[in-house]
Amino acid sequence: MSEAVDTQKEYELDTSWMENMGEWGVKATPGKRGLTLADIQVGSYAELPEVSDNMTGRPRGAAVRPEAFRVGAYSVHTLSEIWLDNAEFLYEEALQRQWSSATDIPWHTLEPLPDAVEEAECLLCTFFNEVEFVAGDVPARWIAKTTPDYLEARNVLSAQVMDEARHMDVFRKRALANGGGLMRMSGATSGFVGSIDLARDFTEMSTRLHISGEGAVLTMFRMGELFGQNEAEKTMYRLCAQDEARHVAFGVMHLRCLSATAPERHEEIECYLDEAEGQLLAGQQNPAGTQAETSEALAILLGGGAEHYDEGHKKLLVIRRRQLKEYMKRVISAGFGDRFENGRSSIPERYAATG
Amino acid sequence: MSEKMTESMSEDEPTQGVPEPTYDWMGLTNQWGTRVKPGEHGLRLGDLNVGIYGEVPEYWDDQTRRPRGALPRAGIPPLPYSLRSKHEMWADCAADLYEEAIQRRWIPATEVPWDTLKELPEDVERAICQICTELSQCANTELEIITYWQDRMSYGYFEVKQYLATATFDCARHLEVMRKRALSNGGGLGIESRGRVNRMILESSGGWTEAVVYLYLLRGTYITRLLTGLLSFAHNDAETFIYSHMLEDHARHMTYGYDHLKYAATHHEGATDIMRTLLAIGEGHMANELKDGVVSSAMAIIFGGGIQGGRTYGMERYLLLVREFLEDYLSVCEWLGVDRRESLHPMLKSYLED
């Protein structure tokens with residue numbers, strides 16, 4: 001006890017708040033994965049409002065204070081706009097699978113590479129250093145716009161912001177660690193209509209970011225085993241793929257939820273998918289896309305040198321083909337698979353043409 | 001290549017021609033031959049600041065996502081980055097704090113020894129749950145104001161954006177862990193905050209520096225003392241773990257906040273005058289929030305071991321906490337060059353005089 005404390009005086013204590021708290025007597029218990037967000041979905045604390053009237057930033061389930069200030073102008077306040085059924089799981093997984101680009105990448109395995117290969121790797125790293133944080137900037141913006149009643153979904157987005165910061169960082173590190181440097185930016189994520197940045201609806205943004213954009217990148221990261229030239233690069237791509245898979249899962253699960261709960265938005269989502277598909281292989285946001293100069297860099301890396309460009313290009317086509325295949329799987333899983341059967345989507349045709 | 005991958009590739013083997021490469025992109029670099037080596041703490045973000053890659057300009061007029069040091073490309077439509085001056089966000093410690101946050105990550109689900117929670121007297125449990133509710137709402141405000149500003153910050157100052165990404169994640173974890181504590185020991189959430197200071201922070205949308213004045217210098221300094229007090233009076237290992245780790249995260253946030261304000265104060269003419277004006281207004285809101293009986297009585301009950309003890313020792317201990325907060329606050333203000341000792345809001349001054 002501090003000597004500065006005088007215990008002679010008696011104070012009035014306002015304990016009226018004790019009579020006005022949230023549901024009482026709750027005792028969530030840890031399961032085999034510890035005390036997860038799913039474990040604390042108990043009693044009224046698990047009740048998710050379809051439409052949130054929370055304008056004060058109140059934690060879900062806390063007692064309302066009539067005189068509280070209305071500080072939360074939350075534009076995302078309808079459950080179907082942002083919800084996904086496995087948010088708790090994705091958030092907890094993100095916490096478990098954090099990694100450090102400073103200490104978890106075996107940087108000592110980097111060795112001098114032939115000039116063309118180093119340039120190709122640095123071009124790819126410049127591209128990722130540039131575009132990875134679009135997936136940090138944009139979800140961050142949507143966190144501030146979303147009611148805290150949907151805290152589980154917001155927490156997953158917070159984890160994504162962290163993941164993307166690490167991606168931006170690891171690719172910069174690689175570009176500057178092996179005798180190379182950054183190269184010319186791609187401009188792949190800039191301010192034009194239909195871009196991830198400028199979407200004014202969360203689901204529109206998520207469709208572009210999570211399903212098509214990050215989906216294409218995920219396929220590529222998963223093939224990092226093929227174009228990584230050493231253990232440092234392979235580890236880098238492997239760990240990024242692990243993070244990216246969670247982000248893509250967010251988008252798929254959100255679309256699935258929206259498809260089930262807001263059928264009136266089905267046609268609108270189909271339109272976003274139409275746009276996304278137009279950009280899937282031809283757009284510059286896909287580093288393996290037909291219009292991207294990173295494709296040449298990838299062909300060099302996949303071939304193991306400029307002298308094996310043709311061989312590398314054949315492997316690049318395999319990546320593109322996989323991107324289409326995995327994209328279709330995701331869209332089917334999200335509940336929009338009809339488009340591949342009713343002729344609306346040209347992806348099945350394009351997939352067949354690459355076979 | 002693994003056998004599985006080779007097999008799977010042949011199954012997907014496409015049959016298209018090979019276009020002639022242009023290699024137009026080759027040789028396009030501002031600086032080549034950079035070879036940063038990992039140090040004893042690995043390859044850290046700050047280590048990368050070599051040559052032109054370490055040149056941080058006072059003003060970044062590029063509204064694209066061009067990485068600092070990369071070559072620009074003509075014709076790229078701009079993005080709405082509104083913070084483009086270094087003094088609007090910079091702190092020299094940002095890169096180090098980013099790496100530290102990653103190294104010191106923790107997981108509430110599996111690292112907090114939840115099995116050490118034991119039943120507490122109801123008044124104490126209610127007080128803890130009320131404080132958890134309050135701190136959860138403070139973390140929510142911090143999360144919302146950071147994410148409001150994050151995507152307005154230029155890429156030229158990416159170290160700050162990256163550090164703030166860790167702070168965003170920390171806030172999400174604080175929201176989570178406070179909720180978990182409130183719902184795991186026979187209690188529940190309390191009553192929401194009146195939200196005076198939350199409003200003040202969220203409405204400081206004129207600039208990030210202005211938000212930092214309220215978020216960290218005024219509110220954050222108080223939260224530091226609150227968490228320190230809670231740690232001193234933790235009832236079990238679970239609470240000790242929670243408060244000590246929250247405090248560690250919060251200390252990083254405060255380091256950035258103070259460092260940024262110092263940078264702004266010393267690099268932007270008129271910044272200290274603006275801070276002084278903001279603080280003159282903010283202190284009034286802070287004083288009114290401190291007068292609100294919910295947090296003070298809940299803390300007094302925790303310190304006093306119950307309502308009875310809260311009326312004597314507990315409230316005295318809380319008032320000491322407020323005095324310590326104000327002394328910290330005044331010291332930092334003085335260090336920043338915005339001395340508030342003489343002009344401190346009278347309601348706050350009264351805590352120091354008692």
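Nothing here was measured: the structure is a model prediction, and the numbers come from that model.

Enquirer: Can you break down the overall build of chain B residue by residue, with the values?
Expert: Looking only at helices and strands, one finds twelve helices and zero strands in chain B. Across chain B, helices and strands are ordered from the amino to the carboxyl terminus as α-α-α-α-α-α-α-α-α-α-α-α. Along the first, second and third principal axes, the C-alpha atoms of chain B reach 85 × 55 × 35 Å. Per-residue burial over chain B gives 55% buried out of 354 residues. Residue pairs in contact within chain B that sit at least 24 positions apart in sequence constitute 76% of those at least 6 positions apart.

Enquirer: Quick one: what's the story with the overall build of chain A, residue by residue and with numbers?
Expert: Helices and strands together make up the secondary structure of chain A, namely twelve helices and zero strands. Along chain A, helices (α) and strands (β) appear in the sequence α-α-α-α-α-α-α-α-α-α-α-α when read from the amino end. Over its C-alpha atoms, taken along the principal directions, chain A stretches across nearly 85 × 60 × 40 Å. Long-range contacts, defined as pairs at least 24 residues apart, comprise 73% of the intrachain contacts of chain A with a sequence gap of at least 6.

Enquirer: So, the environment of A:D274: which residues are in play, and what are the values?
Expert: All names here are of chain A. Along the polypeptide, D274 turns up in helix α9 (residues 266-280). Judged by C-beta crowding, with 13 C-beta atoms within 10 Å, D274 ranks as partly exposed. Considered as a pair, D274 and R344 are 70 residues apart in the sequence and their alpha carbons are 8.2 Å apart.

Enquirer: Residue-level account of the interface of chain B and chain A, with values.
Expert: Counting from both sides, the interface comprises 107 residues of chain B and, opposite them, 109 residues of chain A. Looking at the side of chain B that touches chain A, the elements that each hand over two or more residues are α1 (3-12), α2 (94-103), α3 (108-111), α4 (122-150), α5 (158-182), α6 (196-202), α10 (293-304) and α11 (307-336) of chain B. Broken down by element, the side of chain B that touches chain A gets its largest block of residues, 13 residues, from α4(B). Residues that form the side of chain B that touches chain A fall into these classes: 47 nonpolar, 36 polar and 24 charged.

Enquirer: Break down the packing of helix α10 (residues 294-303) of chain A against helix α11 (residues 309-333) of chain A for me, with residues and values.
Expert: Residue and element names in this part refer to chain A. At a minimum axis separation of 7 Å, α10 and α11 run at an interaxial angle of 110°. It follows that α10 is roughly perpendicular to α11 by the angle criterion. Packed against α10, whose contacting residues are S295, L298, A299, I300, L301, L302 and G303, the element α11 presents Y309, E311, G312, H313, K315 and L316 at the interface. Looking at the contact of α10 with α11 residue by residue, the class counts come to seven nonpolar, four polar and two charged.

Enquirer: Which residues make up the environment of A:D137, and what values go with them?
Expert: In this fold, A:D137 is placed in helix α4 (residues 134-145). Judged by the 24 C-beta atoms lying within 10 Å of it, A:D137 is buried. As for A:D137 and A:V161, which are separated by 24 residues in sequence, their C-alpha atoms are 7.2 Å apart. With residues up to four places along the chain from it excluded, the contact list for A:D137 reads B:Q150 and B:D151.

Enquirer: Give a description of α2(B) that names residues and reports values.
Expert: Extensive coverage of α2(B) is indicated by the burial of seven of its ten residues. Those residues of α2(B) not exposed but buried are B:A94, B:A95, B:L97, B:Y98, B:E99, B:A101 and B:I102.

Enquirer: Give me the lowdown on the packing of helix α3 (residues 115-131) of chain A against α10(A), citing residues and values where you can.
Expert: Residues and elements named next belong to chain A. One can describe the packing of α3 onto α10 by two numbers: an axis separation of 9 Å at closest approach and a directional angle of 135°. Considered as vectors, α3 and α10 are oriented oblique to each other. For α3 against α10, the interelement crossing comes out left-handed. Two secondary-structure elements touch here, α3 through A116, V117, A120, E121, L123, L124 and F127 and α10 through T294, A297, L298, I300 and L301. Of the residues that constitute the contact of α3 with α10, the class distribution is ten nonpolar, one polar and one charged.

Enquirer: Just give me the short version of the confidence of the model for chain B, but keep the residues and values in it.
Expert: Residues and elements named next belong to chain B. Here chain B averages 94 in pLDDT, while 95% of its residues score no lower than 70. Between residues 1-11, whose pLDDT stays under 50, and residues either more than four places distant or in other chains, the model counts six contacts. Across the assembled chains, the prediction reports ipTM 0.95 with pTM 0.95.

Enquirer: I'd like a rundown of the confidence of the model for chain A, residues and numbers included.
Expert: Overall, the predicted model of chain A reaches an average pLDDT of 93, with 95% of residues at or above 70. Across chain A, element-level confidence peaks in helix α2 (residues 87-96) of chain A with a mean pLDDT of 98 and bottoms out in α9(A) with 90.

Enquirer: Run through helix α9 (residues 271-291) of chain B, naming residues and quoting values.
Expert: All names here are of chain B. Taking 1.5 Å per residue, 21 residues should reach 30 Å; α9 reaches 30 Å between its end C-alpha atoms and fits that length. Taken residue by residue, α9 has A271, M275, L278, L279, G282, E283, M286, E289 and L290 as its buried positions. Here the buried face of α9 lies against α6, α7 (208-232), α8 (237-267), α11 and α12 (346-353).

Enquirer: Explain unusual backbone geometry residue by residue, including any values.
Expert: A positive phi angle, near 55°, is found at B:Y23, a position not held by glycine. Following the sequence through the fold, B:Y23 ends up in the loop between α1 and α2.

Enquirer: Would you mind going over the environment of A:S52 in detail, with residue names and values included?
Expert: All names here are of chain A. Residue position: S52 is located in the segment before α1 (79-82). With 20 C-beta atoms packed within 10 Å, S52 lands in the buried category. The spatial distance from the C-alpha of S52 to the C-alpha of A306 is 57 Å, given a sequence separation of 254 residues.

Criteria and cut-off values
Residues numbered from 1 in each chain as written. Chains lettered and ligands numbered in written order. Predicted model: local features only at pLDDT ≥ 70, side-chain atom pairs only at ≥ 80, totals over all residues. Helix = DSSP H or I, 4+ residues; strand = E, 2+ residues; numbered from the N terminus. Buried ≥ 20, exposed ≤ 12 C-beta atoms within 10 Å, placed from the backbone. Contact = placed C-beta atoms within 7 Å. Nonpolar A, V, L, I, M, F, W, Y, C, P; charged D, E, K, R; others polar. Axes fitted to C-alpha atoms, helices over the stretch in contact; angles between N-to-C directions. Parallel < 35°, antiparallel > 145°, perpendicular 65-115°, else oblique. Left-handed = near helix turned anticlockwise from the far one by under 90°. pLDDT = per-residue confidence, 0-100. Expected span 1.5 Å × (residues − 1).

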